[in-house]
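Overview (structure and organization)
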Amino acid sequence: MITLRRLASALLLVLGLPTLAPAQPFHFPTANHALFEPGGEERFFVGTTGKSWTSGTFGCVRSEGWQMHEGLDIRCLQRDKRGEPTDPVLATADGTVVYINRHPSLSNYGNYLILKHIIEGLEIYSLYAHLQEARSDLAPGVAVKSGEPIATMGRTANTHEGISKERAHVHFELNVLLNDRYAFWHKKNLPDQRNDHGNWNGQNLLGLDPRLILLKQHEMGSQFSLLNFIQHQTELCRVVVRKTDFPWLKRYHALLKSNPRAESEGVAGYELALNFNGVPFEVIPRAASEIREKAAFQLLSVNQAEYQVNPGRRLVARHGRHWELAHQGLNLLDLLTF
Ligand SMILES: [Zn+2]
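Model, not experiment: these values are computed from the prediction. (Residues numbered from 1 in each chain as written. Predicted model: local features only at pLDDT ≥ 70, side-chain atom pairs only at ≥ 80, totals over all residues. Heavy atoms only, no water.)

**Here we look at the coordination of the zinc ion**
For the record, the criterion: In this analysis a donor is any N, O or S atom within 2.8 Å of a metal ion (3.2 Å for sodium, potassium and calcium), and since water is not included, sites may seem incomplete. Burial classes follow relative accessibility: with a 1.4 Å probe on protein chains only, a residue under 20% of its type's maximum area counts as buried, one over 50% as exposed, and anything between as partly exposed.
Taken together, the protein donors to the zinc ion comprise His-69 (NE2), Asp-73 (OD) and His-171 (ND1), at separations of 2.0 to 2.1 Å. A residue is classified by how much of its surface remains accessible, and His-171, at 4% relative accessible area, is buried.

**What to know about the pairing of strand 10 (residues 169-177)**
Note the cut-off: What counts as a helix is a DSSP run of H or I of at least four residues, what counts as a strand is a run of E of at least two, and both are numbered from the N terminus. The pairing criterion for strands is at least two bridges between them, as found by DSSP.
Most of strand 10 sits out of view: nine of its nine residues are buried. The alternating pattern of strand 10 places His-169, His-171, Glu-173, Asn-175 and Leu-177 on one face and Val-170, Phe-172, Leu-174 and Val-176 on the opposite face, and all of these are buried. Bridge analysis of strand 3 (residues 72-75) against strand 10 gives four bridges, and the strand direction is antiparallel. The partner of Leu-72 across the bridge, within strand 10, is Phe-172. With five bridges joining them, strand 7 (residues 122-134) and strand 10 adopt antiparallel strand pairing. Paired with Tyr-128 across the strands is Phe-172, a residue of strand 10. Relative to strand 11 (residues 205-208), strand 10 runs antiparallel, the two being bridged by four bridges. When the bridges of strand 11 are listed, Leu-174 appears paired with Leu-208.

**Section: the side chain of Asn-204**
Threshold: In this analysis, two residues are considered to be in contact whenever any of their non-hydrogen atoms come within 4.5 Å of each other.
In this fold, Asn-204 is placed in the loop between helix 3 (182-189) and strand 11. Accessibility expressed as a relative area gives 0% for Asn-204, which makes it buried. Sequence-distant contacts of Asn-204, defined by excluding residues within four places in its chain, comprise Val-176, Leu-177, Leu-178, Asn-179, Tyr-182, Asn-199 and Leu-335.

Written out as structure tokens, the structure is:
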């Protein structure tokens, strides 16, 4: 069936009009834009206590590479008389509020807010954490515009050590969503762990690197494509899942490749390329005759160079000369295909 949206884009193509994708889709989440200034990183990022600014960037940047930080910790620019941060936090793109946590004791993110955006047909979720407070009139379903103030920066968190005044920052993420049945999956697989945030649990959101996205967009201007950015992630590993119906296939349909053999013989599973954080950025349908083993999840290959640089998610592990999917990798694939 041809959807209305496809029909509309086809018409625009026929008429030679520009397509609907906006140029420069992402706005900085605060007035701090030092990321674009030469040597500005120290004024943009806040490191963890006693560590350099790099520990406030995205990736395997903590505990010698073994701990992931899934967002950017962006330094505050404005303080009140008591030294508390007062920077307005801004929506990174046009979107809709999907979740607000106003109970800081329930999360290491403290007060946080999540917006949903549709960019080039992709569902992207921005997250803003450690807020003093989210704007009181915002609630799930409310639409916001790019650059609109949505909250005030703070330093809320439920961790024992807390966040000092000096380290006040907004923790900013750009995520894809693994599965809209997360809450059921959690109940089944983690019955002893509380889930206070439904589908908006951190395990269900996979971060992309917002720094690279902002820099690429700055460099490429209207030529920037988020879809292209996601499709060109560095591969950590390649796996096959023997599942043929899971939400990712529809939600991120643009990442699917065609495979005439599977299309004529029937699809028996999917081959996925995962980046170091587990984002399936390439999805290839596979016929039964193309899948060698019976296991539900099979590891096809590992890019060892990428594993050396970014091991922190522990998706795969090496035993002697042999690689296998580690507990975290199996967990991710189970949730993805649940
Ligand atoms: Zn952070």
